[in-house]
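Analysis of the macromolecular model
Each chain is listed here by its residues.
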There are 2 protein chains.
Amino acid sequence: MALPVSPLAPKTYATPPAIAGVRFATAEAGIRYKGRTDVLLAVFDEGTAVAGVLTRSLCPSAAIDWCRQNLSGGTARALVVNSGNANAFTGLKGIEAVSLTAELAARAVGCATSEVFLASTGVIGEPLDARKFDGVLDALTQKLSAEPWMEPAKAIMTTDTFAKLSEATLEIDGVTINIAGIAKGSGMIAPDMATMLSFVFTDAPIAAPVLQALLTKHNATSFNAITVDSDTSTSDTLLAFATGKAAIDPIASLDDPRAEIFGEALSDVLFDMAMQVVRDGEGATKFVTVNVSGATSDESAAKIARSIADSPLVKTAIAGEDANWGRIVMAVGKAGQPADRDKLTIAFGDHVLARNGQRAAEYSEDAATAYMKGEELSVSVDIGLGAGHATVYTCDLTHGYIDINGNYRS
Amino acid sequence: MALPVSPLAPKTYATPPAIAGVRFATAEAGIRYKGRTDVLLAVFDEGTAVAGVLTRSLCPSAAIDWCRQNLSGGTARALVVNSGNANAFTGLKGIEAVSLTAELAARAVGCATSEVFLASTGVIGEPLDARKFDGVLDALTQKLSAEPWMEPAKAIMTTDTFAKLSEATLEIDGVTINIAGIAKGSGMIAPDMATMLSFVFTDAPIAAPVLQALLTKHNATSFNAITVDSDTSTSDTLLAFATGKAAIDPIASLDDPRAEIFGEALSDVLFDMAMQVVRDGEGATKFVTVNVSGATSDESAAKIARSIADSPLVKTAIAGEDANWGRIVMAVGKAGQPADRDKLTIAFGDHVLARNGQRAAEYSEDAATAYMKGEELSVSVDIGLGAGHATVYTCDLTHGYIDINGNYRS
């Protein structure tokens, strides 16, 4: 676990403000780690709306099933997150552990189990002994506070090398609205699919269906636009909680123009956290933006961008600081999307390497190689067929990735 | 290029027999490599039938386009293969290089350009100067021989660490039929998509459409069932040439029971060569067979098997000799195919690790870990839903892969 902090880590941490109606506490429940917090309890005042985006894995964890069921209710009173054990692929025992945890939380907080949301992250296949939460959750309700957000951000980490926090402040009807967010994970690549988790909290009064629509929309261009190694977690969870404490009229419809204003601030927070997850990609030394334009549709562009961002050959070339645009051509070709070799334009940063299916006249190996030595790189491909475009964010593939994933469990 | 020979290399080389009607020669054309052969000319007697399977990349090389066009004719008189330059993504210059090469070969051999087949492998994006073949091909026609097959197998290598050859002998109507095959590449992962190439030669008298049908069928369970790193080449090529010199009645239809007999021998050769390509997977230290059964269809099983075999997390766990079945669950879950977590059975070799969605009662970490130290491993997953099954062959993902692909071009 003593991994060095990612060279791509942000230089400073965000310090989100307290969110009225949200209090939390953390504890050492001794689930797997020693000498650090591994359980988070967040408690919400009555009237808190909830929305969520969950993994599309067909082998989801028990907690995912639980959240999916409770999201239909639209209200939340408690969130329990543990690190060290993902409670995934644990069969009937996993379902029992989830039920017991929810019951313990409901009793401690004084709410219905249908208002309790759960997330677990860590090793999978190991039964989670939820009895460890007995007493712990009660004790946590005695020491709830609204700050600092660093505590919950740290309690949910597994092999993360830095805590991930974000915040946004906006004004609606002359009232300040706050958004706070925490996240953990190195994208889909957290060891043992320990999960990508992110939680967002706001005091905005916003109806659950509106919050859900905004969350789904902006998740598409933030968390769903990142990839570290193409491996989708069994437990990916993004939950948003809106306490409604801010003194403005409730936002009850997407047609309310304030929904758009709130959505943009929410989008900023999600995007910020998603970028932090990429920056903590296992073994990452380069942050890479892949832009695809000129595809036949946005969806087609996204598939091509992901094919590039997921390619081991592209990622190792970037790690080797090699402006190997041939591998970009390969990744476009294998994406299975409409493309015409002889219309492709490929650039690394501002350096156009290929145009119309062959090496560009202005191509300079020296200039491109110098560019590749940077820590933040962009790869741009124009397909030349239409107006579809997409951006995907990723990192390189290095010896660090092999070290972490070849040794983690043992 | 001075890579150590793969630890998974076969202990002995096959020594295919001469194939009546096939002669070849190799030369040093100085395309990229120094001090080794880099061009192969194979010449076929009149009446040679040809069939082929080519990359499905939408950004194929110029040679792929050329072969695709000529395959419709069904007859071949010459094959020219060069290593060191893939002539891929070279635009109009690439098309001109292909035309010039075919013209030079047709003139040297005395045939139509429509009977010339071409393949190129090596760096991509670099224009190929086909004038280097002028004179060389003429000279090669003066030193054609029918053996040994090691020479053409070596001339087409790029970063391969061993030459790949295979053979089969069968008897039809009391007559001995011979099949010889050569291949190069480390699967789809040859640096710069230098390509997977394979060529098969037989003296069987078999009509081109029948040869094509058999080649397509058996390619599905050999070359199309391997993956090293999920990156599909721009130039993958499998061509089969049948000279018809064996003294039996021609096999003119798939209904002829002899087609099935020949097809099985062909299948053996294709499978043998495909396994050799996996065994030369870049950086590979483990050979892995992934079996999926109980899927809703064979196609669904193949997608799940490939999701497992392509997963960086699965491949690094295998490199680390970690019986990390949680990552197998993850890969099943992300495949997007029908699956029910609570019906999965997972085994490494004979060791059942999980059954019905949770750790198996008989699971022994020690026994599983001991198994993982072997060089030949199998991963078996039963989905528990239907009768669909598939097998995919792959290797592990190691530091060697990062070394080779982070440094190759420069």
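What counts, and where the lines are drawn
Sequence positions are assigned chain by chain, starting from 1 and proceeding in written order. Chain letters start at A and ligand numbers start at 1, both assigned in the order the entries are written. Given that the model is predicted, a residue must reach a pLDDT of at least 70 before its local features are reported, and side-chain atom pairs must reach 80 or more before they are shown or counted; all residues, however, enter totals for whole chains, interfaces and linings. Only heavy atoms go into the side-chain values, all of them from the structure, while hydrogens and water stay out. Helix and strand assignments come from DSSP, with helices taken as H or I runs of at least 4 residues and strands as E runs of at least 2, each series counted from the N terminus. In this setup the radius of gyration rests on C-alpha atoms only. A globule is expected at 2.2 Å times the number of residues raised to 0.38. Throughout, exposure labels follow a simple rule: accessible area from a 1.4 Å probe, protein chains only, divided by the maximum for the residue type, with under 20% read as buried, over 50% as exposed, and the rest as partly exposed. The contact rule is simple, with two residues in contact once any of their heavy atoms fall within 4.5 Å. In the sections that follow, a salt bridge refers to a side-chain nitrogen of Lys or Arg positioned within 4 Å of a carboxyl oxygen of Asp or Glu. UniProt positions are given in the numbering used here, feature names are shortened, and annotations may be inferred rather than shown by experiment. Throughout this description, a polar contact denotes any pair of N or O atoms lying within 3.5 Å of each other; where both atoms belong to protein, one of them has to be capable of donating a hydrogen while the other can accept it, and for residues adjacent in sequence the pair is counted only when both atoms sit in side chains. Among buried residues, those of type Ala, Val, Leu, Ile, Met, Phe, Trp, Tyr and Cys that are joined through side-chain atoms within 4.5 Å constitute a nonpolar core. To estimate the expected span of a helix, subtract one from its residue number and multiply by 1.5 Å. It is the directions from the helix axis to the C-beta atoms whose arc is reported. We call a pair of cysteine sulfur atoms a disulfide when they lie within 2.5 Å. For this scheme, ten residues count as nonpolar: Ala, Val, Leu, Ile, Met, Phe, Trp, Tyr, Cys and Pro. Four count as charged, namely Asp, Glu, Lys and Arg, and the remainder, Gly too, count as polar. We place the copies in one frame by least squares, fitting the C-alpha atoms of every residue whose pLDDT is at least 70 in both. Paired strands are those between which DSSP finds at least two bridges. Axis angles are defined between N-to-C directions and span 0 to 180 degrees, where every axis is a line fitted to C-alpha atoms and, for a helix, only to the segment in contact. Each residue carries a pLDDT score, the predictor's confidence in it, ranging from 0 to 100.

**A few points about the overall build of chain A**
Looking only at helices and strands, chain A has eleven helices and 15 strands in total. The C-alpha radius of gyration computed for chain A amounts to 22 Å, which stays within 12% of the reference 22 Å derived for 410 residues, consistent with globular compactness. Considering only C-alpha atoms, chain A reaches an extent of 70 × 55 × 35 Å along its principal axes. By the burial criterion, 63% of the 410 residues in chain A qualify as buried. Restricting the contact set of chain A to residue pairs at least 6 apart, pairs at least 24 apart contribute 80%.

**Brief notes about the pattern of salt bridges**
All names here are of chain B. Counting across every chain of the model gives 28 salt bridges over all chains. One salt bridge in this structure joins D280 and K164, with 2.7 Å as the shortest N-O distance. With D280 in the loop between α6 (257-279) and β10 (287-295) and K164 in strand β6 (residues 164-172), the pair connects residues that are 116 residues apart, well separated along the chain. D280 gets classed as buried once you look at its relative accessible area, which sits at 2%. Overall, K164 belongs to the buried group, its relative accessible area being 0%.

**Describing unusual backbone geometry**
Residue and element names in this part refer to chain A. Here E147 and P148 are connected by a cis peptide whose omega angle stands at -15 degrees. The backbone of N87 shows a phi angle near 50 degrees, a positive value even though the residue is not glycine. With respect to the helices, strands and loops of the structure, N87 is situated in the loop between β4 (78-85) and α2 (91-109). Even without being glycine, E321 reaches a positive phi, approximately 55 degrees. You can see E321 is positioned in the loop between α8 (312-319) and α9 (325-334).

**A short note on the UniProt feature "binding site: substrate" (unreviewed entry) in chain A**
All names here are of chain A. The UniProt feature table records "binding site: substrate" (unreviewed entry) at T158, K184, T195, E282, N405 and S410. By the element assignment, K184 lies in strand β7 (residues 175-184). Overall, the relative accessible area of 0% leaves K184 in the buried class. A polar atom in the side chain of K184 sits 2.8 Å from the side chain of T121.

**Some remarks on the nonpolar core**
Grouped together as the largest cluster of nonpolar side chains are 89 residues, with contacts concentrated most on I308 and V332 of chain A together with I308 and V332 of chain B. If near-sequence neighbours (up to four positions away) are discounted, I308 of chain B is found in contact with V290, V292, V314, I328, A331, V332 and V381 of chain B. Grouped together as the second largest cluster of nonpolar side chains are 44 residues, L8, M196, I206 and A265 of chain A included.

**Describing helix α5 (residues 208-220) of chain B**
All names here are of chain B. Given a rise of 1.5 Å per residue, 13 residues ought to cover 18 Å, and the 18 Å separating the end C-alpha atoms of α5 matches this to within 8%. A208, V210, L211, L214, L215, H218 and N219 are the residues of α5 that are buried. Considered in projection along α5, the buried side chains sweep an arc of 155 degrees and stay on one side of the axis. Tucked into the core, α5 has its buried residues touching β3 (49-54), β9 (237-242) and α6.

**Concerning the state of the cysteines**
Residue and element names in this part refer to chain A. Taken as a whole and assessed by the stated rule, the structure comprises zero disulfides over all chains. Summary of cysteine pairing: C59 is not part of a disulfide, and the nearest cysteine sulfur, belonging to C67, is at 18 Å. For C59, a relative accessible area of 2% gives the class buried.

**Some thoughts on the interface of chain B and chain A**
Interface extent is often summarised as the accessible area lost during association of the parts. On the chain A side, the residues contacting the 68 residues of chain B number 68 residues. Inspection of the region where chain B meets chain A yields four salt bridges. At the level of secondary structure, the elements contributing two or more residues to the side of chain B that touches chain A comprise α1 (62-71), α2 (91-109), α8 (312-319), α9 (325-334), β13 (358-359) and α11 (399-407) of chain B. With eight residues, α9 of chain B is the single largest residue contributor to the side of chain B that touches chain A. For the side of chain B that touches chain A, the class distribution of residues is 30 nonpolar, 23 polar and 15 charged.

**Regarding the relation of the copies chain B and chain A**
For the pair chain B and chain A, the superposition axis carries a translation of 0.0 Å, the fit reaches an RMSD of 0.0 Å, and the rotation angle comes to 180 degrees. What the rotation and shift describe, once combined, is the action of a two-fold rotation axis. In terms of proximity to the rotation axis, the leading residue of chain B is H399 of chain B, whose C-alpha is 2.9 Å off the axis. The share of interface residues of chain B whose copies in chain A are also at the interface is 100%, consistent with both copies meeting through the same surface.

**Brief notes about the sheet that holds strand β4 (residues 78-85) of chain B**
Pairing between sheet strands relies on hydrogen bonds along the backbone, with the strands arranged either parallel or antiparallel. All names here are of chain B. In space, the four strands of this open sheet follow the order β1-β2-β4-β5, with mixed pairing throughout. The open sheet is flanked by β1 (22-27) and β5 (116-123), the only strands paired with a single partner. When the angles between neighbouring strand axes are averaged without regard to direction, this sheet yields 10 degrees. Judged from the six bridges that link them, β1 and strand β2 (residues 39-44) form a sheet pairing that is antiparallel. Bridge pairing links V22 to F44 in β2. Lying on the sheet, α2 is in contact with β2, β4 and β5; it crosses β5 at an angle near 130 degrees.

**Details of the confidence of the model for chain A**
All names here are of chain A. Per-chain confidence: chain A averages 89 in pLDDT, with 96% of residues scoring 70 or above. Highest mean pLDDT in chain A belongs to strand β14 (residues 376-382) (97); lowest belongs to helix α11 (residues 399-407) (84). Here residues 189-194 is modelled with pLDDT under 50, and outside its nearest four sequence neighbours on either side it reaches 38 contacts, counting other chains as well.

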